[in-house]
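Results of the structural survey
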Amino acid sequence: MAVGKNKRLTKSKKGGKKKASDPFLKKEWYEIKAPSMFTQRNCGKTLVTRTQGTKVASDSLKGRVFELSLADLNKDEDQAYRKIKLVCEEVQGYNLLTNFHGLDMTRDKLASLIKKWQSLIEGNVDVKTTDGYTCRLFCIAFTAKMPNQITKFCYANSAQVRQIRKKMVDIMRDEASKCDLKDLVLKLIPEFMGTEIEKACAGIFPLQNVFIRKVKVLKKPKFDIVKLMELHQESDSDAKDASAAVPRPEGEEGTEEPSATTVPGSAAGSEDVVRSAGWDGRRSGGDPWWCRRRASSSGRPSAPREALDRPTDLLRVDLAVEAHL
């Protein structure tokens, strides 16, 4: 190409280059607040672009789903195989008020349960809670060997599988339809339904590793801010009650009053009952019982109370107590 023929190469582009800026400078951090079903209230943080013009930050936060481990929410490492989904329903300042949105099981836990020489039985049911939430529950169970069984496999036939699945569906429907969403979550966390299914199916075929594998929230009632605030205020009141100091009764302030102790081998209510706070008999008034007993047996007067403060007399008193016991 001849030099100077293409004049457009020398012209600059329209608008020029934009300055490279860090996108995180336009972001804001928000705190995720878990509902009162869980021990840990502050469970994480999330980012969102600041409000600019007609694009409001709270609109992009509402409906955002967070997946958290139940071990972090309840501070229990034994529940690490559970995954909880929380959905943001309201924004207050820099706090996101969430509600339960679903439950799942980690893949490594599920893969560890599936083995050879046993039958896998699954069942699912759609239930509606008392507060209007429609949930779909998935259950999984495995057959177990009979006691003293010799064969290595334990397969259930098709009729037994149908009976077990019917029991699963009935128990899940009965337990979930009689409570609201909060009570349903409290039943799902300790595997209450799995234990009930295992007991109910013991007469059909012995089961093991019965879990509610998954929970989906299909439909929700109309959003009610009052119910959501009650769900989150309960956790605040519980924390205040736990942190409040319990006042001590008036009788417990200062020194504790000594309790009466009966010396072994003596009758209750006799002079052998002494105070545990002082074996020298000073709190009960008068001379100690062993000094009185020695005086009555030998005919000599008992030792004065001031003499008990000397180390030699204390040693003699200890020997007299051991001899009596």
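What you see is a predicted model, and the numbers here were worked out from it, not measured in a lab.

This brings us to the packing of aromatic side chains. The final tally for this structure, using the stated rule, is 3 aromatic pairs. For the ring pair Tyr30 and Tyr94, a centre distance of 5.1 Å and an interplane angle of 40° mean the geometry is tilted. Of this pair, Tyr30 sits in strand β1 (residues 27–33) while Tyr94 sits in the loop between β4 (82–92) and β5 (95–105), and the two are 64 residues apart along the sequence. Its relative accessible area of 7% is what places Tyr30 among the buried residues. Assessed through its relative accessible area of 47%, Tyr94 is described here as partly exposed. Between Phe153 and Tyr155, the ring centres sit 5.5 Å apart and the planes meet at 15°, which makes this aromatic pair stacked. Accessibility expressed as a relative area gives 39% for Phe153, which makes it partly exposed. Residue class for Tyr155 comes out partly exposed when judged on its relative accessible area of 44%. Between Lys109 and the ring centre of Tyr81, over which it is positioned, the NZ or CZ distance is 4.9 Å.

Moving on, we come to the side chain of Arg213. If you trace the backbone, Arg213 turns up in strand β8 (residues 207–219). What Arg213 contacts, discounting residues up to four positions off in sequence, is Arg82, Leu103, Asp104, Met105, Leu110, Glu122, Phe138, Cys139 and Ile140.

According to the stated counting rule, one finds 0 disulfides in the structure shown. Between Cys201, a free cysteine, and Cys139, which holds the nearest cysteine sulfur, the sulfur-to-sulfur gap is 8.5 Å. A relative accessible area of 0% means that Cys201 is categorised as buried.

Take the pairing of strand β6 (residues 120–128) next. On β6, burial follows the alternation: Ile121, Gly123, Val125 and Val127 on one face are buried, whereas Leu120, Glu122, Asn124, Asp126 and Lys128 on the facing-out side are not. As defined by bridge partners, β6 adjoins strand β7 (residues 134–143) across 9 bridges and the pair is classed as antiparallel. Each residue of the ladder has a partner; that of Asn124, found in β7, is Phe138.

As a further point, take helix α5 (residues 181–188). Each turn of an α-helix holds 3.6 residues, which means side chains three or four residues apart point in the same direction. Turning to α5, its buried residues number three or more, namely Leu181, Leu184, Val185 and Leu188. For α5, the buried positions fall inside an angular range of 100° around the axis, keeping them on one side. Summarising the contacts, the buried residues of α5 are in contact with β4, β5, β7, α4 (158–177), α6 (192–200) and β8.

With that out of the way, let us pick up the confidence of the model for the protein. Here the protein averages 78 in pLDDT, while 66% of its residues score no lower than 70. For the protein, the element scoring lowest by mean pLDDT is strand β10 (residues 273–275), at 42; β7 scores highest, at 96. Contacts for the low-pLDDT stretch residues 239–249, under 50 throughout, to residues beyond four places or in other chains number 1 contact. Long-range and interchain partners of residues 251–285, a stretch whose pLDDT sits below 50, account for 42 contacts in this model, where long-range means more than four residues apart.

Rules used throughout
- Residues numbered from 1 in each chain as written.
- Predicted model: local features only at pLDDT ≥ 70, side-chain atom pairs only at ≥ 80, totals over all residues.
- Heavy atoms only, no water.
- Phe/Tyr/Trp six-rings, centres within 6.5 Å; stacked < 30°, edge-to-face > 60°.
- Helix = DSSP H or I, 4+ residues; strand = E, 2+ residues; numbered from the N terminus.
- Buried < 20%, exposed > 50% of the residue type's maximum accessible area, 1.4 Å probe, protein only.
- Lys NZ or Arg CZ within 6 Å of the ring centre and 35° of its normal.
- Contact = heavy atoms within 4.5 Å.
- Disulfide = S-S within 2.5 Å.
- Pairing = 2+ DSSP bridges.
- Arc of directions from axis to C-beta.
- pLDDT = per-residue confidence, 0-100.

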